[in-house]
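# Working through the structure, step by step
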Amino acid sequence: MGRSGLICALLLAVCCCSRRAAGVPGEAEQPEPELVEAEVGHTVLLKCGLSHAQGNLSHVDWFSVHKEKRTLIFRVRQGQGQSEPGEYHNRLSLQDKGTTLVLSGVTPHDDRIFTCQGRRRAQEHRIRLRVYKAPEEPSIQVNTFGISVNSEEPVEVATCVGRNGYPVPQVTWYKNGQSLKEEKNRVHIQSSQTEESSGLFTLRSVLQAQVSKEDKDAQFYCELSYRLPSGNHMKESKEVTVPVFYPAERVWLEVEPEGMLKEGDRVEIRCLADGNPQPHFSIIKQNLNTREMEEERTDDNGVLVLDPAQKEHSGRYECQGLDLETTTSLQSDQQELVVNYVSDVRVSPAAPESQEGSSLTLNCEAESSQDLQFQWLREKTGKLLAKGQVLQLHNLKREEGGGYRCLASVPSVPGLNRSQLVNVAIFGPPWMALREKKVWVKENSVLNLSCEASGHPRPSIVWSVHGAASEQDQEPQSVLSVLNVLVTPELLETGAECVASNSLGRNTTIIFLELVHFMSSTPDSNRTTNLSTSTVSPSARANGTSTEKKLTEPESKGVVIVAVTVCVLVLALLGAVLYFFYKKGKLPCGRSGKQEITLPPSRKSEFVVEVKSDKLPEEMGLLQGSNGDKRAPGDQGEKYIDLRH
């Protein structure tokens, strides 16, 4: 070859090299793979995007590319697919006449490139499969041992863990809603990740920081950021507070409850400080006699409990605190504690006595830490009689004897009061509610008779009949006697007499016993009249003995049925007789004037209609002596309609 030929060959070689280096159009280049996204556990479709006719896809091979290694995983021949042995065996299938490969049960290990290749090797389509999995809710563990503000280096605050995510999520730390960044010698975030056998990742992030006293209530939490096919997402942990230790600068005293205190309250005195942990406390009180401060005994929590509070607990208190770390001693300001009280109430005279018709003066005294208000109340009714320390009773009557209460209260301290009861005795002979009364009884029944009398001196009660008697005091000058007796014919004849007596006289109540043996008329057919035990009620008061409550006897339903049946038969017989005389012409009808029913002499004594009452008297009147005596209503006797004349 000549010199000119050699030069031409060299120029041609240089031109070709420069053409390849410049990427001249027309030369084949490797395209970017198609991006497909899927979540773990889902099914994904891989479409073979070869730019040839559908018929040319009858011969396709599918490969997976992992770490630059191609592995045949699936073959398509004449529209029929066959899975190759390996990790994708039984997870692949064909769809859309062989143009789409279906991958089921996606795992993190499927995050790779897949290619489909036609009969000619130049025919190839690449697919980049991205796999995602949301992490679980992040858990956070705070440093329970606490952090001292005196620490010179960052100390662990909390640890955040996010499990089973793919790919590894991003973590961000927050304090009081503000994100934390790395800061030299102040904030350090150390994160690590662990790949599980499933291919998922567990993230562990530790926050270290220096803290100050202002961080004692700071809220820390972590946030995990991750991606899914649907977009970007995040999850937050709960908020935690780390114990921060700092020395106390001030100590003070606190008393509960607040406000005015009174005797009987439960009072708690406790010491507080602005340090953490709290220093060792002691509570001291000033001795009123020596003026020296003396330590009080507290419970395990250093709280002084006064239950119940007494007036002796009043005084000046203060707290002393000792910081065990710095050995610094702090002392609070003194605080005055006042327990309001009312002393025992005194009434004079202590045992007042007076004659009927005379006057009596009662005086009431008490002491208190506050202004007092006095009131006089009737014990029996609670009625307010007077305000002030003195109660004047004029023209005393027997009924005004009994209990009077003096109440001393402090208006400025609700619930603070004391009282004293005194009983006024009115001299007089025994006094009883009634002089006479009647009791309905049944023979051979057991009967309880009661009788109450009052007077001063205290009366005693005796009975005119034998029986088991018992006494009990009702009031200071009142006594109740109960007699248990058997109703006998002799007792029915004589009755019972209750005699009350004292050194000034005597009084009597006579009890008449009436035997129940008939039925009296009453409009109430359902009232029962069967008497059992009759009891004297001690509650009713009048001018004699206590009243007797009478129990009615339940009537027999059989007696009522028999009575009604007899009446019906008698009326039917009477109608038959009248009809007989009418037919004989001895009973003129329709004539003016009155006609007498004429019967044969042998029949005149046969037709008698007896109408009986079916009730006892509803109430028995009270026997009250000579003035305006009330008697029991007249007996509703047996009534007869005599048809003989």
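Everything quoted here is computed from the prediction, not taken from an experiment. (Residues numbered from 1 in each chain as written. Predicted model: local features only at pLDDT ≥ 70, side-chain atom pairs only at ≥ 80, totals over all residues. Heavy atoms only, no water.)

## Concerning the overall build of the chain
Using the following cut-off: Secondary structure elements follow DSSP: runs of H or I of four or more residues count as helices, runs of E of two or more count as strands, with numbering from the N terminus. Remark: exposure states derive from per-residue accessible area (1.4 Å probe, protein chains only) relative to the maximum for the residue type, with buried under 20%, exposed over 50%, and partly exposed in between. Here, two residues are considered to be in contact whenever any of their heavy atoms come within 4.5 Å of each other.
Looking only at helices and strands, the chain features 3 helices and 48 strands. Looking at the chain as a whole, 37% of its 645 residues are labelled buried. Contacts in the chain between residues at least 24 apart in sequence constitute 63% of all its contacts with a sequence separation of at least 6.

## Digging into the sheet that holds strand S8 (residues 113-117)
Heads up, the condition is: Each pair of strands is called paired provided DSSP finds at least two bridges between the two strands. With axes taken as lines fitted to C-alpha atoms, and helix axes fitted only over the stretch in contact, angles between N-to-C directions fall between 0 and 180 degrees.
Read across the open sheet, the 6 strands follow the order S1-S9-S8-S3-S4-S5; overall the sheet is mixed. Here the strands that pair on one side only, and so sit at the sheet edges, are strand S1 (34-39) and strand S5 (80-83). When strand polarity is set aside, the average angle formed by the axes of neighbouring strands in this sheet is 25°. Relative to strand S9 (residues 124-132), S8 runs antiparallel, the two sharing 5 bridges. What sits directly across from Thr 115, in S9, is Arg 126.

## Looking at the state of the cysteines
Test applied: Only a pair of cysteine sulfur atoms within 2.5 Å qualifies as a disulfide here.
Under the definition given, this model contains 5 disulfides. The disulfide bridge from Cys 160 ends at Cys 222, spanning 2.0 Å between sulfur atoms. Its S-S torsion of approximately 65° makes the covalent link between Cys 160 and Cys 222 right-handed. Of this pair, Cys 160 sits in strand S12 (residues 155-165) while Cys 222 sits in strand S17 (residues 220-228); the two residues are 62 residues apart in sequence, bridging distant segments of the chain. For the pair Cys 160 and Cys 222, a shared accessibility class is recorded, and that class is buried. At a sulfur-sulfur separation of 1.9 Å, the disulfide partner of Cys 364 is Cys 406. Between Cys 364 and Cys 406, the S-S torsion sits near -95°, and that sign places the bridge as left-handed. Remark: Cys 406 occurs in strand S36 (residues 402-409) and Cys 364 occurs in strand S32 (residues 360-365); sequence separation between them is 42 residues. In this structure Cys 364 comes out as buried when scored by relative accessible area, which is 1%. Overall, Cys 406 belongs to the buried group, its relative accessible area being 0%.

## Describing the packing of aromatic side chains
Keep this limit in mind: Note on aromatic pairs: the rings of Phe, Tyr and Trp (six-membered ring only in Trp) are paired at centre separations within 6.5 Å, and the planes decide the class, stacked below 30 degrees, edge-to-face beyond 60, tilted for the rest.
In total, this model carries 3 aromatic pairs according to the counting rule given. Plain terms: the ring middles of Tyr 166 and Phe 201 are 5.7 Å apart, the flat faces sit at 15° to each other, and that makes the pair stacked. Taken together, the residues Tyr 166 in the loop between S12 and strand S13 (170-175) and Phe 201 in strand S16 (residues 201-209) connect sequence positions 35 residues apart. This pair shows no difference in class: Tyr 166 is buried, exactly as Phe 201 is. When the ring of Tyr 174 is compared with that of Tyr 221, the centres are 5.0 Å apart and the planes differ by 5°; the resulting orientation is stacked.

## Let's talk about the pairing of S32
Of the two faces of S32, only one is covered, namely that formed by Leu 360, Leu 362 and Cys 364; the face formed by Thr 361, Asn 363 and Glu 365 stays uncovered. For strand S30 (residues 346-348) and S32, the ladder comprises 3 bridges, and the chain directions are antiparallel. Looking across to S32, one finds that Val 347 is bridged to Cys 364. Here S32 runs beside strand S35 (residues 390-393); their pairing, made up of 4 bridges, is antiparallel. Opposite Leu 360, over in S35, you have Leu 393 as the bridge partner.

## Overview of the sheet that holds S30
Within a sheet, adjacent strands bond to each other through the backbone by hydrogen bonds, running parallel or antiparallel. Across the sheet, which stays open at both edges, the 3 strands sit in the order S30-S32-S35 with antiparallel pairing between neighbours. Strands at the two margins of the open sheet, each flanked by one partner only, are S30 and S35. Between one strand and the next, the sheet's axes are offset by a mean angle of 15°, whatever the strand orientation.

## Comments concerning the pattern of salt bridges
For clarity, the cut-off: A pair is scored as a salt bridge if a Lys or Arg side-chain nitrogen falls within 4 Å of a carboxyl oxygen belonging to Asp or Glu.
Inspection of the entire model under this criterion finds 24 salt bridges. Across the pair Lys 262 and Asp 265 runs a salt bridge whose closest N-O atoms are separated by 3.1 Å.

## Thoughts on the side chain of Glu 84
To keep things clear, this is the line we draw: Identification of polar contacts relies on pairs of N or O atoms within 3.5 Å, with a donor-acceptor requirement for protein atoms, meaning one able to donate a hydrogen and the other able to accept it, and with residues adjacent in sequence counted only if both atoms are side-chain atoms.
Within the element layout of this structure, Glu 84 appears in the loop between S5 and strand S6 (92-95). In terms of polar contacts, Glu 84 uses its side chain to reach the side chain of Arg 75, at 2.8 Å.

## As for the nonpolar core
The line we're drawing: Residues belong to a common nonpolar core when they are buried Ala, Val, Leu, Ile, Met, Phe, Trp, Tyr or Cys residues joined through side-chain atoms within 4.5 Å.
Counting residues in each nonpolar core, the largest one holds 24 residues, and the members touching the most others are Val 44, Trp 62 and Leu 129. Excluding residues within four positions of it along the chain, Val 44 makes contact with Val 36, Ala 38, Leu 101, Val 102, Leu 103, Val 106 and Leu 129.

## Quick notes on the confidence of the model for the chain
This is how the line gets drawn: pLDDT is a per-residue confidence score from the predictor, ranging from 0 to 100.
Across the chain, pLDDT averages 79, with 77% of residues at or above 70. Segment residues 1-27 is flagged for pLDDT under 50; beyond a separation of four residues in sequence, or across chains, it makes 2 contacts in the model. Under a pLDDT of 50 for its full length, residues 589-645 has, in the predicted model, 92 contacts with residues more than four places off or in other chains.

## Quick word on the environment of Arg 378
Note on placement: Arg 378 falls in strand S33 (residues 373-378). Of the residues examined, Arg 378 reaches a relative accessible area of 12% and is grouped as buried. Between the C-alpha atom of Arg 378 and that of Tyr 404, which follows or precedes it by 26 residues, the distance is 4.9 Å. Setting aside residues up to four positions removed in sequence, Arg 378 forms contacts with Lys 383, Leu 385, Glu 399, Glu 400, Gly 401, Gly 402, Gly 403 and Tyr 404. Separated by 3.2 Å, the side chain of Arg 378 and the backbone oxygen of Glu 399 make a polar contact.

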